[in-house]
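Take a look at the letters that make up each chain.
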Protein chains: 2
Amino acid sequence: MSDITKVALDAMGGDNAPGEIVKGAVEAVQKRKDIRILLTGREEVLKKELASYTYPADQIQIVNATEVIETAEPPVKAIRGKKDSSIVVAMKMVKRGEADAFVSAGSTGAVLVGGQVLVGRIKGVERPPLAPLIPTMKGVSLLIDCGANVDARPSHLVQFAKMGSIYMESVLGKKNPTVGIVNIGAEEEKGNALVKETFPMLKACSDINFIGSVEARDIPYGAADVIVCEAFVGNVILKLYEGVGGALIKKVKSGMMTSLRSKIGGLLVKPALKETMKDFDASQYGGAPLLGLTGLVVKTHGSSTSTEVCNSIIQCVTFKEQKINEKIKAAIQKTQEEKND
Amino acid sequence: MSDITKVALDAMGGDNAPGEIVKGAVEAVQKRKDIRILLTGREEVLKKELASYTYPADQIQIVNATEVIETAEPPVKAIRGKKDSSIVVAMKMVKRGEADAFVSAGSTGAVLVGGQVLVGRIKGVERPPLAPLIPTMKGVSLLIDCGANVDARPSHLVQFAKMGSIYMESVLGKKNPTVGIVNIGAEEEKGNALVKETFPMLKACSDINFIGSVEARDIPYGAADVIVCEAFVGNVILKLYEGVGGALIKKVKSGMMTSLRSKIGGLLVKPALKETMKDFDASQYGGAPLLGLTGLVVKTHGSSTSTEVCNSIIQCVTFKEQKINEKIKAAIQKTQEEKND
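What you see is a predicted model, and the numbers here were worked out from it, not measured in a lab. (Residues numbered from 1 in each chain as written. Chains lettered and ligands numbered in written order. Predicted model: local features only at pLDDT ≥ 70, side-chain atom pairs only at ≥ 80, totals over all residues. Heavy atoms only, no water.)

Colleague: So what exactly am I meant to see when it comes to the overall build of chain A here?
Modeller: The helix and strand tally for chain A stands at 11 helices and 11 strands. For chain A, whose C-alpha radius of gyration is 21 Å, the value lies close to the compact-globule estimate of 20 Å for 341 residues. For chain A, the spread of C-alpha atoms along the three principal axes comes to 65 × 60 × 35 Å. Buried positions account for 57% of the 341 residues belonging to chain A. Working note: accessible area of chain A is about 14,000 Å², and carbon and sulfur atoms make up 52% of it. Here chain A carries 44 positive and 39 negative side-chain charges, and the mean point of each set is 3 Å from the other. (Helix = DSSP H or I, 4+ residues; strand = E, 2+ residues; numbered from the N terminus. Rg over C-alpha atoms; globule rule 2.2 N^0.38 Å. Buried < 20%, exposed > 50% of the residue type's maximum accessible area, 1.4 Å probe, protein only. Areas by Shrake-Rupley, 256 points an atom, 1.4 Å probe, with all protein chains shown as cover. Lys, Arg positive; Asp, Glu negative; His and termini not counted. Charge placed at Lys NZ, Arg CZ, Asp CG, Glu CD.)

Colleague: Help me understand the sheet that holds strand E6 (residues 139–144) of chain A in this model?
Modeller: The strands making up a sheet associate through backbone hydrogen bonding, with each pair oriented either parallel or antiparallel. All names here are of chain A. The strand order E5-E6-E9-E7-E8 describes an open sheet built from 5 strands, whose pairing is mixed. If you trace the sheet from one side to the other, it starts and ends with strand E5 (133–136) and strand E8 (209–215), each paired once. Here the strands of the sheet are splayed against their neighbours by 30 degrees on average, with no regard to which way each runs. Note that strand E7 (residues 178–183) and strand E9 (residues 226–228) share 3 bridges and pair parallel. Looking across to E9, one finds that Gly180 is bridged to Ile227. In this fold helix H7 (residues 193–203) packs onto E7 and E8, with an angle of close to 170 degrees to the strand it touches most, E7. Against the sheet, helix H8 (residues 231–256) makes contact with E5, E6 and E7, and its axis sits at roughly 50 degrees relative to E5, the strand it touches most. (Pairing = 2+ DSSP bridges. Axes fitted to C-alpha atoms, helices over the stretch in contact; angles between N-to-C directions. Contact = heavy atoms within 4.5 Å.)

Colleague: Would you explain the interface of chain A and chain B in this entry?
Modeller: Accessible area lost upon the coming together of the parts is a frequently used measure of interface size. Taken together, the contacts link 53 residues of chain A with 53 residues of chain B. Across the chain A to chain B interface the summed buried area is about 5,100 Å²; carbon plus sulfur atoms make up 75%. Where chain A packs against chain B, one counts 4 salt bridges. A salt bridge links A:Arg217 to B:Glu242, with the shortest nitrogen-to-oxygen separation between them at 2.9 Å. Inspection of the region where chain A meets chain B yields 14 residue pairs in polar contact (both at pLDDT 80 or more). Of all the secondary-structure elements, those providing two or more residues to the side of chain A that touches chain B are E7, H7, H8 and helix H9 (260–279) of chain A. It is H8(A) that contributes the most residues to the side of chain A that touches chain B, 21 residues altogether. A per-class count over the side of chain A that touches chain B returns 30 nonpolar, 14 polar and 9 charged. (Buried area = accessible area lost by both parts, 1.4 Å probe. Salt bridge = Lys/Arg side-chain N within 4 Å of Asp/Glu carboxyl O. Polar contact = N/O pair within 3.5 Å; in protein donor to acceptor, adjacent residues only side chain to side chain. Nonpolar A, V, L, I, M, F, W, Y, C, P; charged D, E, K, R; others polar.)

Colleague: What exactly am I supposed to notice about the nonpolar core here?
Modeller: A general feature of soluble globular proteins is that nonpolar side chains tend to end up buried together. Membership of the largest hydrophobic core comes to 179 residues, with the highest contact counts inside it found for A:Ile37, A:Leu39, A:Ile219, A:Ile237, B:Ile37, B:Leu39 and B:Ile219. Leaving out residues up to four positions away in the same chain, B:Ile37 has contacts with B:Val7, B:Leu9, B:Ala25, B:Ala28, B:Val29, B:Gln59, B:Ile60, B:Gln61 and B:Ile313. (Core = buried A, V, L, I, M, F, W, Y, C linked by side-chain atoms within 4.5 Å.)

Colleague: How should I be thinking about the pattern of salt bridges in this particular structure?
Modeller: Two side chains with opposite charge may pair up if their charged atoms get near one another. With the rule as written, the count across this model stands at 17 salt bridges over all chains. Residues A:Lys174 and A:Asp225 are paired through a salt bridge, measuring 3.8 Å at the closest nitrogen-oxygen approach. Of this pair, A:Lys174 sits in the loop between helix H6 (154–170) and E7 while A:Asp225 sits in the loop between E8 and E9, and the two are 51 residues apart along the sequence. Looking at A:Lys174, the relative accessible area reads 38%, which means it is partly exposed. Taking the relative accessible area as the measure of exposure, A:Asp225 reaches 11% and is therefore buried. For A:Glu215, the salt bridge identified is with B:Lys239, shortest N-O distance 2.3 Å. With A:Glu215 in strand E8 and B:Lys239 in helix H8 (residues 231–256), this pair bridges two chains.

Here you go:
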């Protein structure tokens, strides 16, 4: 049935696998009737995990995969060598059309390599970018690319901008999303060679809402809906977000522990603070899609709990319903036609 | 007298000029006898500002400069065109040896261009990097380069590592400072072309304490004393630090205002929190030096108040006392000898 979204889920990847991954799968099928999950991993382990839950049995199916790709393994070697790993088995199901999407909390490198090698790119897509959502004061922004393609070329960044816009509009429901390019100043003449070359190309795109340069300082305030950058820079942004955020929260907590007065204040302030901080967390939106592939590949955080896994699975339904890949195909084709004109 | 440090101070640059700049100069000379300040800017304006303070008059001298370079002006044109600006007049004094150092809260671009064109590089230094201190959970790290030289080459980064190490050891008193290169993973084979080429070169340096790759996530936790990166990436790190920090503090504050309970808690917790947050602020250490020039050039934050200006001036004394430039000259020469071997 075409109104069912089939998600191949890597049950063995991530810090909390398989426990939280299986739990996330159960939560997803308890919430939605239109999802079917293909859980890849060691059958006996997964059977045991599933045994403790009550759920519609026809919505979760175990697909045995005896090997596990560890985070530290060199990705190319792992994808080639471990043919019976939970990642390879799941991705091949996407390739063959037996699954619409793939979700993993495992090795980012293996997911990126597998996505390109096993699932394959949409015709015309030069490089598939990894595009996580990051929290801002206004909601979330899509950071694209954030680790898939270092040393990218201007034409790649233009495709990222288009794919990112489609994703933000169709999956996040952001009408006519603004697109900014990460730069070291607001003026058009600023930047490194890549940005200087890409800027006028983005400006010339009729199908995106390009607003120009965005300085890193303004990203957390929601400067643009789609933040375009090269993967090295994107990775630095994503990880520094985490690092500065984590360090500051630690500082705030330790500040609250310095005196009796501050401890009492901390207790009083805690519930409200927890609530506010929830807004500054993008995990409720699911994982980071690897865009431009023939099937959807979603990478969730290595430390994902069941909630994030569940959200990532549900995100796949929206992705399918909104026909994102058809829209990406059309946009890429349009770009090529413009080029040939 | 050689034990006096002469600082040319741009009185017209920055958001709070000339008020806070002049105040900072007064604070510095009230603290230290061994400083002499050459205040460049509009004489009549500065005279009026100075009139409201009591200070040792022989320690501050006004040097008239009728023009002001605005932040938005294209730097090269500004430095060339405004020969009587506070920046150009001050930098020329450094060039002629009439001042040991230059401090400005004005246009970063103009300071960078002026430093190269007017003050000039130490022989052998390929590119002078801008190296601000950033706060970490362990104290501060030196971020080098952070805006001066986009699209740098590996040999530049190696020089940055050496100059940064000298600065951290001699000015900050950090013995045998650790040096890390910003990367998107901890393994040696990770990275973009620049990092992959630079990594083994840094590893081969006998005169620095290279510890390998540093991921952006770990920078706020004090992963290395000297954080080496290309200027575009450094600029993103510096500004995102500011952005995420500012946004989170805003979130915490708004969280404290959500209910009566949290408001009371907020009041109780405020003094302790303020104290803790002070640690997470690098401005007490002064501004960012532009290293590798024949004189010292220091860029302080555009929004600097008198305290930062004063700290930046005092930083110049340490820089001179510790003979940083002699040490840089020796290190650069050593590198060239090693190359020729």
